[in-house]
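# An overview of the molecular structure
So the chains spell out like this:
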Amino acid sequence: MEAVQKVALVTGGSRGIGEAIVKRLAQDGFIVFGTYNNNPDKATAISESLNAEGKSVHFIKMDIASAESVQQGIDEILTKSGRIDVLVNNAGITKDTLLMRMTEQDWDDVLNTNLKGAFLCCKAVARPMMSQRSGRIINISSIVGLRGNAGQVNYSSSKSGMIGLTKSLAQELASRNILVNCIAPGYIETDMTEKLNEDQRKAFSDKIPLKRAAKPEEVAQVVSFFAHSDSSYVTGQVIAVDGGLAM
Ligand code: NDP
């Protein structure tokens, strides 16, 4: 009997770490659905170039902060492929400023996207994964979710929340063979960190034991492990991919 090709969903697959995860899981043999929110052109370019190499990559529009949009996206994937084996909750935003300047809107936008978005996606994939009696959920948190960071009260709260979400859901879903793990990246070279000036970059790198920022592919490698059968006895864990920063 032919083995079933597994299906992975990567939120925010159109740029940065998400793009690297889409490429890595496609290379690992998954049918990959990436989502974009505002960048259809970038998403189309990624899927066209990977599909030309014989991979199976599709992009759908999904606003993870909207329950309706998330459910529509998951229904579309299930209609097209009949299953979802891996969910990577990667999409995220920042709206950084000090508490005294942070507006309620800054707080709500970041929490609604990063934490509620992850909750909505977990809830939408839980039923098909429970029926399959297998699944992997991989949440992309941050080391600031472990350590906090001045100027990121909203973002770090959302990322700490993802760690709580991971550990609670790992306990809820273990009996159905659904493994839930979390990655806490440190300083990764993407659009999100491009906003930093040269001095800020140097100050960050100097504090990292490995003395450099990471490439998005170095996060994708760890996602690949959590999505692979090699991690079959690992759940509820948080792995920092941070060059040793959060030791
Ligand atoms: P980018 O800013 O480069 O990309 C963000 C991605 O999220 C884009 O694909 C974007 O889609 C998508 N997105 C944003 N809002 C929504 C939404 N409402 N619904 C659906 N998709 C959305 O981020 P990074 O690659 O740097 O970060 C990826 C993840 O890694 C984030 O969760 C981030 O918090 C985390 N992280 C990043 C670190 C870093 O140093 N870069 C460090 C630690 C954690 P579109 O392009 O269509 O707008």
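Our structure is the block above this text.
Residues numbered from 1 in each chain as written. Predicted model: local features only at pLDDT ≥ 70, side-chain atom pairs only at ≥ 80, totals over all residues. Heavy atoms only, no water.

## Some points on the nonpolar core
Generally speaking, nonpolar side chains in soluble globular proteins are found buried as a group. Counting 30 residues, the largest nonpolar core has I21, L25, V32, V88, I138, I183 and V223 as its most contacted members. When residues of this core are traced back to their parent elements, those giving at least two are strand 1 (7–10), helix 1 (16–27), strand 2 (31–36), helix 2 (40–52), strand 3 (56–61), strand 4 (86–89), strand 5 (135–140) and helix 9 (216–227). In contact with L25, other than residues within four places in its own chain, are A8, V10, F30, V32, V88, V223, S224 and A227. (Core = buried A, V, L, I, M, F, W, Y, C linked by side-chain atoms within 4.5 Å. Buried < 20%, exposed > 50% of the residue type's maximum accessible area, 1.4 Å probe, protein only. Helix = DSSP H or I, 4+ residues; strand = E, 2+ residues; numbered from the N terminus. Contact = heavy atoms within 4.5 Å.)

## Considerations on the state of the cysteines
Disulfide: a covalent bond formed between the sulfur atoms of two cysteine residues. By the definition in use, this model includes zero disulfides. Cysteine C122 shares no disulfide, and the gap to the nearest cysteine sulfur, in C121, comes to 7.2 Å. For C122, a relative accessible area of 4% gives the class buried. Free of any disulfide, C182 has its nearest cysteine sulfur in C122, 10 Å distant. (Disulfide = S-S within 2.5 Å.)

## Focus: the packing of aromatic side chains
All told, the structure shown has two aromatic pairs when counted by the stated rule. Seen in terms of ring centroids, Y187 and F204 are 5.3 Å apart; in terms of plane orientation they differ by 45 degrees. Their pairing is tilted. In this pair, Y187 sits in the loop between strand 6 (178–185) and helix 7 (191–194) while F204 sits in helix 8 (residues 198–207), placing the two residues 17 residues apart along the sequence. For Y187, a relative accessible area of 10% gives the class buried. (Phe/Tyr/Trp six-rings, centres within 6.5 Å; stacked < 30°, edge-to-face > 60°.)

## Details of the side chain of T166
For T166, the location among the structural elements is in helix 6 (residues 153–173). Within the structure, T166 has its side chain in polar contact with the side chain of N139 (distance 3.0 Å). (Polar contact = N/O pair within 3.5 Å; in protein donor to acceptor, adjacent residues only side chain to side chain.)

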